[in-house]
Amino acid sequence: MSSSPHLAIAGATGAVGEEMLKCLAQRNFPLEQLTLLASERSAGRKLTFRDQEIEVQTLGHDSFEGVDIALFSAGGSLSLEFGPSAAAAGAVVIDNSSAFRMDPEVPLVVPEVNPNSAESRPKGIIANPNCTTTITMMGLNPLHRKFGLKSIIASSYQAVSGSGQAGILELSNQVRALSEGRSDFERTVYPHQIAFNVIPHVDQFMEGGYTKEELKMLNESRKILELPDLKVSCTCVRVPVYRSHAVSVTAQFANPISVEEARLAFEGYPGIRVVDDPGQSLYPTPLDTTEKDDCLVGRIREDMVLDNALTLWVVGDQVRKGAALNAVQIAELL
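Residues numbered from 1 in each chain as written. Predicted model: local features only at pLDDT ≥ 70, side-chain atom pairs only at ≥ 80, totals over all residues. Heavy atoms only, no water.

Colleague: Help me understand the overall build of the protein in this model?
Modeller: Helix and strand counts for the protein stand at eight helices and 14 strands. Relative to the 2.2 N^0.38 estimate, which gives 20 Å for 334 residues, the radius of gyration of the protein is 20 Å and therefore close to what a compact globule would have. C-alpha extents for the protein along the principal axes are approximately 55 × 55 × 40 Å. Looking at the protein as a whole, 53% of its 334 residues qualify as buried. Counting every atom, the protein has about 15200 Å² of accessible surface; 47% of that belongs to carbon and sulfur. In the protein, which carries 29 positive and 41 negative side-chain charges, the distance between the mean positions of the two groups comes to 3 Å. (Helix = DSSP H or I, 4+ residues; strand = E, 2+ residues; numbered from the N terminus. Rg over C-alpha atoms; globule rule 2.2 N^0.38 Å. Buried < 20%, exposed > 50% of the residue type's maximum accessible area, 1.4 Å probe, protein only. Areas by Shrake-Rupley, 256 points an atom, 1.4 Å probe, with all protein chains shown as cover. Lys, Arg positive; Asp, Glu negative; His and termini not counted. Charge placed at Lys NZ, Arg CZ, Asp CG, Glu CD.)

Now the structure itself:
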């Protein structure tokens, strides 16, 4: 592959697509050519990249001739339809949807965790993990490398932007209405009021009572870490925050671990920073990571129930590290 590839973004006008453009520019990604693709409805729009206006083209099966890397953030159905066409044209597809994540012939990659997995891609496709999984893996992998992860018990606190622009608007409209003393607002994105509330329901409920989002944490963590027997239990909760997800994690390890050893394991690890001084009210919050690259970890403490276990709090921008940045980092690996 050329050191200055021809790169395409499918879904360029969406929130993640636009964040991909920001990441490419901010990281000075070397490009020979950039092609922007979206639905017919968005075709003709012009987006600015490095002080140049680029016209958005209609996504089609013939859109990828000469493209080296194709970043997809157009939704699972479009990834399934057009991803194989891009790969057949010779592009390496980096897909942000759930379409290919559990395909055994498609690597599931977090560059700080399992970069070598990107080297074998028989279908020409690499998958981005679910955003909550990515943020959790960033917090746990430094510890897993040294102490051997056995189990995860997690609760996520997920921002409304995880539901796209519609989630943001629903929260904004409800907050405005309630502040004006009105209760005549619609609930179209969430089954309950999201303003000043929390909803323990992210994605569709499955047999057994877990949601698809919760099962993603189980299945994707096992694949990324190559731990098929990893035990995972997760509860995913939607909270009235605009951006950045937080995850409370209790992790049990094969070997004894202390708080001090955990802090040492995080030192120098790329993409994760410790913010942990409760006496000074220092711990990560969603606002601390919004529009930032690093995930933050804090509230590190020995678990009071399980042996060889720590409880900690991990926060990251799910639009950025949970989606757009992770895809651009995979492109950098290529």
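Okay, back to it.
Colleague: How do you make sense of the pattern of salt bridges when you look at a structure like this?
Modeller: Pairs can form between side chains of opposite charge whenever their charged atoms are close. A complete count under the given rule lists 18 salt bridges for this structure. Here Arg182 makes a salt bridge to Glu180, at a shortest N to O gap of 3.0 Å. Exposure remark for Glu180: the relative accessible area of 49% places this residue in the partly exposed category. Counted as one network, the salt bridges with shared partners bring together Glu19, Lys22, Arg27, Arg243, Asp293, Asp317, Arg320 and Glu332. (Salt bridge = Lys/Arg side-chain N within 4 Å of Asp/Glu carboxyl O.)

Colleague: Just to check I follow, could you spell out the side chain of Glu213 for this structure?
Modeller: Within the fold, Glu213 resides in helix H5 (residues 212-225). In this structure Glu213 comes out as buried when scored by relative accessible area, which is 7%. A polar side-chain atom of Glu213 sits 3.3 Å from a polar atom in the side chain of Asn130. The residues touching Glu213, leaving out its near neighbours within four places in the chain, are Asn130, Thr132, Gln158, Val202, Asp203 and Cys236. (Polar contact = N/O pair within 3.5 Å; in protein donor to acceptor, adjacent residues only side chain to side chain. Contact = heavy atoms within 4.5 Å.)

Colleague: Explain the sheet that holds strand S2 (residues 33-38) here, please?
Modeller: Within a beta sheet, neighbouring strands are joined by backbone hydrogen bonds and run either parallel or antiparallel to one another. If you walk across this open sheet you meet the six strands as S5-S2-S1-S6-S7-S8, and the pairing is parallel. The open sheet is flanked by strand S5 (57-58) and strand S8 (125-127), the only strands paired with a single partner. Inspection of the sheet shows strand S6 (residues 69-72) paired to strand S7 (residues 92-95) by four bridges, in the parallel sense. The partner of Leu71 across the bridge, within S7, is Ile94. Across the face of the sheet, helix H1 (residues 15-26) comes into contact with strand S1 (6-10), S2 and S6 while running at roughly 155° to S1. Helix H8 (residues 320-333) contacts S6, S7 and S8 of the sheet and is inclined by roughly 165° relative to S6. (Pairing = 2+ DSSP bridges. Axes fitted to C-alpha atoms, helices over the stretch in contact; angles between N-to-C directions.)

Colleague: I tried to follow the state of the cysteines on my own but got confused; where do I start?
Modeller: A covalent bond between the sulfur atoms of two cysteines is what we call a disulfide. With the rule as written, the count across this model stands at zero disulfides. Its sulfur unpaired, Cys295 is 11 Å from the next cysteine sulfur, which belongs to Cys131. The exposure class of Cys295 is buried, given its relative accessible area of 0%. (Disulfide = S-S within 2.5 Å.)

Colleague: How should unusual backbone geometry be read in this particular structure?
Modeller: Outside of glycine, negative phi angles account for most residues, and trans bonds account for most peptide bonds. Even without a glycine there, the phi angle at Asp203 is positive, about 80°. With respect to the element layout, Asp203 can be found in the loop between helix H4 (165-179) and H5. Although it is not a glycine, Glu291 sits at a positive phi angle of roughly 65°. Inspection of the secondary structure assignment puts Glu291 in the loop between helix H7 (286-289) and strand S13 (295-302).

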